Amino acid sequence: MQGRRSEQDAVDRESMARAIAAAARVRCATSPNPWVGAVVRDSEGSIFEGATEPPGGAHAEVVAIEAAGDAARGSTLYVTLEPCNHTGRTGPCTSAIVESGIARVVIGTEDPDPQVRGSGVAALEDAGIDVQVGVQEEHVRSQLTPYLKHRRTGRPWVVLKLAASLDGGTAAPNGTSKWITSPEARADGHRLRAESDAIVVGAGTVRRDDPSLTVRDYHPELPRGATADPRRVVLGSVPADAAVHPCTEYSGDLETLLDELGSEGVLQLLVEGGAGVAGEFHRAGLVDRYVIYLAPALFGGDDARGIFSGQGAFDVEDLWRGRFSSVERIGGDLRVELTHDTTTGER
């Protein structure tokens, strides 16, 4: 009995890993819906994969079930997020699962959305389907962190992206900053843009650098006619001919901005500059994830512009402390990621 259980556990983990991989492929295409992956596995081990389609399209469970066809009857469905049990742009996935004849459903994690939150599991169990929750849950929750935070708090997951020399400089004393990091690091930064629903910069950065803030160096798979460019938000006002247009010009409290963006379906917000804006978000405790690209370069003095501007910790006891969640070489640079000092990176 123990041997059969261990074998089933291994199959469950491997199948959920396939569902996680399927979800990763649509990371930039589904928002404001979550990027979910699903796998139907029949008794002979045949695999049928699915992932959430762009808004208005089918959810991952339905895509996988349709791919399986008659093979779905009596099979096991693996899905990264609890199936929905309500009608939105599409019908409830629980109904499609029941009608397909699926015998067992394995779920990565429950959905905190008030419209779902346990009701999907309950509907499946009421239909006589065997349901298991929590397989590969840590990996699934990591993948869906922006969505999970948004559904719990109503606010987007805030990613602060910075690029600096190894001694912490982001620009020379004369203001030049192009380019401290490598083309590979800049392309990876564009991946962050593509994964984000909105991007925030200060008006000073726009006036100084005139950035377009588009996704140019990263090319995710998207439906024809769709764009990976995030919505652009500028803190302050900018010239009418600035490259950042069309954009939202905002003046006000940062927490109010997060509330407004969250209510408009922004799941992930990328804060990209400059040092003043970065410092404001950091000191207000609004950053969930720090992504810092470090170049093997040194300004060699104390007059380069730093990562943050403004007043920092006065005493070492007041230092902000997190944890390194990832360190990876990108081209000739290092990408260092920090999150809050918790086991999940969520607050």
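**Student:** Go over the environment of C247 with me, naming the residues and quoting the values.
**Tutor:** By the secondary structure assignment, C247 is in the loop between β9 (231-235) and β10 (248-250). Each C-alpha atom, one on C247 and one on I199, is 9.8 Å from the other, the two residues being 48 residues apart in sequence. Those residues in contact with C247 that lie beyond four places of it in its chain are R232, V234 and V238.

**Student:** Give a description of the packing of aromatic side chains that names residues and reports values.
**Tutor:** The geometry of an aromatic ring pair is captured by the separation of the ring centres together with the interplanar angle, meaning the angle of the planes. If you walk through the whole model with that rule in mind, you get one aromatic pair. Ring centres of Y290 and W320 lie 4.8 Å apart, and the angle between their planes is 50 degrees; this geometry places the pair in the tilted category. Linking Y290 in strand β12 (residues 289-295) with W320 in the loop between β13 (305-306) and β14 (322-330), this pair joins segments that are 30 residues apart in sequence. Accessibility expressed as a relative area gives 5% for Y290, which makes it buried. Above the ring of W35, the side-chain terminus of R27 is found at 3.8 Å from the ring centroid. The cationic tip of R186 hangs over the ring face of W179; the distance from NZ or CZ to the ring centre is 4.3 Å.

**Student:** Explain the pairing of strand β1 (residues 37-41) to me, and be specific about the residues and the numbers.
**Tutor:** The element β1 is largely enclosed, with a buried count of four among its five residues. Taken together, the five bridges between β1 and strand β2 (residues 47-51) define a ladder with antiparallel strand orientation. Among the inter-strand pairings, V39 is bridged to a residue of β2, identified as E49. Turn length for the β1-β2 hairpin, with the two strands adjacent in sequence and antiparallel, is five residues, and the turn residue G45 shows positive phi of about 90 degrees. Both β1 and strand β3 (residues 76-81) contribute to a ladder of four bridges, which runs antiparallel. Across the sheet, the residue bridging to V39 is Y78, located in β3.

**Student:** Which residues make up unusual backbone geometry, and what values do they have?
**Tutor:** Going from S31 to P32, the amide bond is cis rather than trans, its omega being 10 degrees. Counting through the fold element by element, P32 comes out in the loop between α1 (2-24) and β1. Backbone torsion omega between H245 and P246 reads 0 degrees, so that peptide bond is classified as cis. Positionally, P246 belongs in the loop between β9 and β10. In the Ramachandran plot, R117 falls in the positive-phi region, its phi being about 25 degrees despite a non-glycine side chain. Even without a glycine there, the phi angle at L213 is positive, about 60 degrees. Looking at the element boundaries, L213 is found in the loop between α8 (203-209) and β9.

Parameters and conventions
Residues numbered from 1 in each chain as written. Predicted model: local features only at pLDDT ≥ 70, side-chain atom pairs only at ≥ 80, totals over all residues. Heavy atoms only, no water. Helix = DSSP H or I, 4+ residues; strand = E, 2+ residues; numbered from the N terminus. Contact = heavy atoms within 4.5 Å. Phe/Tyr/Trp six-rings, centres within 6.5 Å; stacked < 30°, edge-to-face > 60°. Buried < 20%, exposed > 50% of the residue type's maximum accessible area, 1.4 Å probe, protein only. Lys NZ or Arg CZ within 6 Å of the ring centre and 35° of its normal. Pairing = 2+ DSSP bridges.

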